[in-house]
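# Remarks on the overall topology
So the chains spell out like this:
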Amino acid sequence: MVVLKENNLLNSLSQMGVGLGAKNQAFELLKELEFPTRKTEDWRYTSVKKILKKKYVQFNEAEQVDLSNEIIPSLDAHNIILVNGVYSKELSDVNFPDEVVIDTFPNAMEEHVSLIHSAFNGIAKNNEEVFTALNTSYFHEGVFIHIPKKVKLEKPIHVIHVNTKSNVISNLRLLIIVDQFSEVSVVQSYASLNAVECLTNSVTEVFVKENAKITLDKVQSEEPNNNLICTVQVNQKANSIFKINTATVSGDFVRNGVNIDVDGENCTSEMNGLYMQKGIQHVDNHTKVSHLKPNCTSFELYKGVLRDKSTGVFNGKVIVAEDAQKIEAYQQNKNIILSREATMNAKPELEIFADDVKCSHGTTTGQFDEEALYYLQTRGLSRESAQALLVQAFADEVLDKVDSETLRIWIKEKLD
Amino acid sequence: MLKVKNLHASVGDKEILKGLDIEVKAGEIHAVMGPNGSGKSTLSAVLAGRDEYEVTAGEVDYLGKELLELNPEERSWEGIFLAFQYPVEIPGVSNINFLKTAINERRKYFEQEPIAAKDFLKMVKEKSTLVELSDKLKNRSVNVGFSGGEKKRNEIFQMAMLEPKLSILDETDSGLDIDALRIVAHGVNTLKSKDNATIVITHYQRLLDYIIPDFVHVLYDGRIIKTGGKELALELEEKGYDWLTKAKA
Amino acid sequence: MAYSEDDLKQDLVDQEYEFGFTTDVDSEKIPKGLTEETVRIISSKKEEPEWLLDYRLKAFRVFQGMTEPDWAHVTYEKPSLQDIVFYSAPKPKKELASLDEVDPEILKTMERLGISLEEQKKLTGVAVDFVMDSVSVATSFKEKLGELGIIFCSFSEAVKDHPELVKKYLGTVVPSSDNYYAALNSAVFSDGSFCYIPKGTKCPMELSTYFRINESGTGQFERTLLIADKGSYVSYLEGCTAPQRDENQLHAAVVELIALDEAEIKYSTVQNWYPGDKDGVGGVFNFVTKRGVCQQNAKISWTQVETGSAITWKYPSCILKGDNSVGEFYSVAVTNNHQMADTGTKMLHIGKNTKSTIISKGISAGNSHNSYRGLVRIGKGADNSRNFSQCDSLLMTDTCGAHTYPYIECENSTAQLEHEATTSKIGEDQKFYCLQRGIGEEKAISLIVNGYAKEVLNKLPMEFAVEAQKLLEISLEGSVG
Ligand SMILES: Nc1ncnc2c1ncn2[C@@H]1O[C@H](COP(=O)(O)OP(=O)(O)O)[C@@H](O)[C@H]1O
Ligand SMILES: [Mg+2]
């Protein structure tokens, strides 16, 4: 591997956690993979130089911390807690229906070894994404969630991740299997408590089996001066529904990757994202839907408001494979720039290899409609509050996609 | 002119027409009525040759020819015209260019020279007056940005231009206000002659106040379950379809 | 019916490239291959001044340090530069005093292209500069234009007669280091067109150049330089055809447009190079760099109809340097059989209140691949700039591909950008509607496709619009199974 001169990131890591074979493979792979530069097409607008330069500390024991700020009080959920990348049994809820599994890999291995082996690392793109290989190689114990056939989990699962020490590197790994005819809602939140200069590198693999349904809500509210790389890899089978909503509230460096392989007919896939950027925040949303089978529909809506010196990136790709006929894929990206020093880069892409399709994408970048602002001003609002009102309305279109009202309100509060 | 015998047609595995018979003679107007989903549009599409619908059994004789052997454009050249329930938009193709192409393609089939520009324009003028179609619409792209009523009038305008022998009007009345209805009906009545025939598909009696049918057929579940004179339409208006369908079941 | 649909299909497959004929004229070629010596020979054959040879040699050195690029969805066997003849001039028998003295074979070629000079002469409003292979053969309307101070001549003539203009502007918009093929062109360009419109002059006729690759194994590296001085206007047409040949021919042109303050340039291209046969054998590799720069209040409008070439790689671009300048790009690209097209534009907004519009219509048939690749960049200082882009793709078969890769970069909060793209199949309902009205399938498709491309075709000058429509029809014949 070409070791970057200042790649302290790798130098600060040592392998630990469960001895899954995949980990060793990834470790070997990591020796050959290169970290992206601005010349790497997928990282054209996002530089990881600064991240690689830093030295990090790894944890292998969960700390006792006060999480009252991170648990959503009115959300009746199964809370699963990870501190500095390590699962905390003490802090986590263990009262869920018997047939459902929510546990670390080592614990879950005892009973579910073949299930884990059949799925784990099956769709993670270790050889394409160096940060995924890094994750596979170095994650601690991970979390395994299995919703067996025909189970509808009434309460959502809230996976809360916090960093509590500065310079921590957390490689979070989640494997979710939603079996046939099952339904679940998972919330993943990322936060830091008095910690700076951390790197959270999260990889979530989701298997949505035939006729299953899952909603994944991500709330990213790291303190400034923290770095977050979130990769979600999804495989959908026939008649399934997958929906992901990503709300980025804070964190100076955020890179989201959502990759969906729609590998069955009659699926619905939905991706929504909201990024409200301030300061020097850099938020990069990369999404990719690969329609591999016919008769599916995908929807995508990403919206952002950029202030101060923030920079935003949206790169959404829709691929329709040969013979995947009768696909409808719609993608929208809308950006409002509110500061002279902010930058937005958008790159929506369509790659179509089938003919009987309806695909479209649109992207806009601009400001608020002066007329609307003026109208509100004539109704007695100050320019600031008029703008705030319009920002809210702009954001609401995405927030309305969040099904749980409690969660929606919680995100809104964080945004304010 | 048209003899349909035991016509069966399906889409995929679903059979929609299940043994339909109808006979239309030159000079006649036939109304085909029936509740939504009974197969009226399917009948019109099959007669016009849409290949989405597979004919699984039956015969259709049209002016001594096996209609089902002809491809859609040949049927058109031989005088079959379908006024679509949902007229299609073709962006960038002007109405006029579209019609001129259509007329010249047919003339080519009959080994005639393309129509002279002068004659064509004269015809456009004459026929558009019939359905009160404005000049603006004639030069616009086919059906693009037309209101529902304008689209239907445009269908009748095209019918007038193409001078068909057998016209099939599929719910041309739906979505029309009284004025538009009158215009459309006036167009149809004016074009009527002893040599051509019309099948009017509708599920309201309303249109039949303006276009007086010689026969009324009730289409239900892929078959003609009753045929009568124009008074049958009134009876249907009053009693609905239930009494017929129940009797059938 | 005796003539079945299968017969029809077969006929269409067998249909030959309409312009696939070669002209037999004595031509003077230099040996194959590319070395510094080749560059020197070209320059000396053309009796060029020292500064131009230096320019070429510098470009050649830059070129030697570059590697040939690769593109996604464009795969081909790279042309071997050592097999290409870099210079081929029809051997002039004597100085040409008038058109009548042009080689009758060449005139015949022109006639088959439908642009015979005789006809063109009568057709007021079109002046034609005909480039066969590499040397401009005959130029009409020169005198008439001369009266207005408009210079319209072959590039070589311009080097001789107007060296100060060429020297001042050559390479200012497309530097030789810009990309691999631009560097190659800068080193070995053979001829091309030059045009200068003086201050405040509105060119009274469409200026037109036909490019054509004739000699087998020759690459065509033409160079176009067009300068519209302050407040002037010109509309320039470029048509391209190539005869049918089995081997691939390379075409790597560079076009530079300079629109000074308040000037307007309208540049239209109908590209119909030989696309190869139905199995993808032969055809032209078309790697072209086209770019224009707009000063204050200037406007450049690119319109292109691309139906030819085995591979097209082309992004006519605008550098909107001056405040209030305007860039436009209207494109129709049709690919069939095994063609590959990767085309689009770059709009670089530098000045304040700059505007750009992009309308791109791709049509893919057969096994072809058609990509739109575009960049819109709003720079820090480009206050109140606007861009609107619409990129549509129409798919005719289930074996082709249509791809859209727009890059939208905005560094200014007062800018407004809007981009939309759609990809869809040619409408079955539209087709059936036409059939029902007695319009057969081939005709129906051509009608629908022409309608789809209308917005762009409308931007072409009249003479071209008709030809372009016909081309679309020819290119898509037999494309739907
Ligand atoms: N293309 C099609 N694919 C599947 N079902 C169809 C199609 N066309 C019609 N049908 C079905 O066939 C039945 C008859 O439809 P149609 O002929 O449109 O009825 P009507 O015109 O009498 O309302 C309906 O149940 C309709 O859903
Ligand atoms: Mg109907």
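Bear in mind that the values here come from a model prediction, so they are computed numbers and not experimental data.

Criteria and thresholds
Residues numbered from 1 in each chain as written. Chains lettered and ligands numbered in written order. Predicted model: local features only at pLDDT ≥ 70, side-chain atom pairs only at ≥ 80, totals over all residues. Heavy atoms only, no water. Pairing = 2+ DSSP bridges. Helix = DSSP H or I, 4+ residues; strand = E, 2+ residues; numbered from the N terminus. Donors = N, O, S within 2.8 Å, 3.2 Å for Na, K, Ca; no water. Domains from an automatic or database assignment. Contact = heavy atoms within 4.5 Å. Buried area = accessible area lost by both parts, 1.4 Å probe. Salt bridge = Lys/Arg side-chain N within 4 Å of Asp/Glu carboxyl O. Near = heavy atom within 4 Å. Polar contact = N/O pair within 3.5 Å; in protein donor to acceptor, adjacent residues only side chain to side chain. Areas by Shrake-Rupley, 256 points an atom, 1.4 Å probe, with all protein chains shown as cover. Nonpolar A, V, L, I, M, F, W, Y, C, P; charged D, E, K, R; others polar. pLDDT = per-residue confidence, 0-100. Axes fitted to C-alpha atoms, helices over the stretch in contact; angles between N-to-C directions.

### A look at the sheet that holds strand β4 (residues 54–62) of chain B
Residue and element names in this part refer to chain B.
- One open sheet holds the 4 strands; their spatial order is β2-β1-β4-β5, and the pairing between them is antiparallel. Here the strands that pair on one side only, and so sit at the sheet edges, are β2 (14–24) and β5 (65–66).
- Two elements, β4 and β5, share 2 bridges in a ladder whose sense is antiparallel. Each residue of the ladder has a partner; that of Asp-61, found in β5, is Glu-66.

### Description of the coordination of the magnesium ion (ligand 2)
- Each protein donor to the magnesium ion (ligand 2) is listed here as Ser-41 of chain B (OG) and Gln-85 of chain B (OE1); together their distances run 2.1 to 2.3 Å. On the criterion of sequence distance, the pair formed by Ser-41 of chain B in helix α1 (residues 40–48) and Gln-85 of chain B in the loop between β6 (80–83) and β7 (90–94) is long-range, its members being 44 residues apart.

### Considering the domain arrangement of chain A
Residue and element names in this part refer to chain A.
- We note that the domain assignment places domain 1 (3–264) and domain 2 (370–416) within chain A.
- Here the C-alpha centre of domain 2 lies 31 Å away from the C-alpha centre of domain 1.
- Contacts between domain 1 and domain 2 engage 15 residues on the former and 10 residues on the latter.
- Summed over both sides, the interface of domain 1 with domain 2 buries roughly 1,100 Å², with 69% coming from carbon and sulfur.

### Looking at the pattern of salt bridges
- Tallied over the full model, the rule gives 50 salt bridges over all chains.
- Ionic pairing is found between Asp-356 of chain A and Lys-326 of chain A, a salt bridge with its closest N-O pair at 2.6 Å. One end of the pair, Asp-356 of chain A, is in the loop between β18 (343–352) and β19 (357–366); the other, Lys-326 of chain A, is in the loop between β16 (311–320) and β17 (327–337), with 30 residues separating them in the sequence.
- Taken together, the shared-partner salt bridges connect Glu-41, Arg-44, Lys-347 and Glu-349 of chain A together with Arg-377 and Glu-409 of chain C into one network.

### Digging into the site of ligand 1
Residues and elements named next belong to chain B.
- Ligand 1 sits among 13 residues. The nearest are Gly-37, Lys-40, Ser-41, Thr-42 and Glu-52.
- Gly-39 has a polar backbone atom sitting 3.0 Å from an oxygen atom of ligand 1.
- Within the side chain of Tyr-53, one N or O atom sits 2.9 Å away from a nitrogen atom of ligand 1.
- Burial of ligand 1 by the surrounding chains reaches 67%, relative to a free accessible area of 560 Å².
- Secondary structure elements with two or more residues in the shell around ligand 1: β2 and α1.

### Overview of the interface of chain C and chain A
- Across the contact, 34 residues belong to chain C and 35 residues belong to chain A.
- When the two sides are added together, the surface that chain C and chain A hide from each other amounts to roughly 2,800 Å², 46% of it contributed by carbon and sulfur.
- Taken together, chain C and chain A are joined by 3 salt bridges.
- Between Asp-383 of chain C and Arg-340 of chain A there is a salt bridge, with the nearest N and O atoms lying 2.6 Å from each other.
- Joining chain C to chain A, the criterion identifies 19 residue pairs in polar contact (both at pLDDT 80 or more).
- Contributing elements (two or more residues each) for the side of chain C that touches chain A: β23 (401–410) and β24 (416–425) of chain C.
- Of the residues contributing to the side of chain C that touches chain A, the split by class is 12 nonpolar, 14 polar and 8 charged.

### Let's talk about the confidence of the model for chain B
- Averaged over all residues, the pLDDT of chain B is 90; the fraction at 70 or higher stands at 99%.
- Here the complex is predicted with pTM 0.83, and the ipTM for its interfaces comes to 0.92.

### Examining the sheet that holds strand β12 (residues 223–228) of chain B
Residue and element names in this part refer to chain B.
- Spatial strand order, β6-β9-β10-β3-β11-β12: 6 strands in an open sheet with mixed pairing. Each having just a single partner strand, β6 and β12 make up the two edges of the open sheet. In this sheet, neighbouring strand axes are inclined to one another by 20° on average, regardless of whether the strands run parallel or antiparallel.
- Bridge count for strand β3 (residues 29–33) against strand β10 (residues 197–202) is 5 bridges, and the pairing is parallel. Opposite Met-33, over in β10, you have Thr-202 as the bridge partner.

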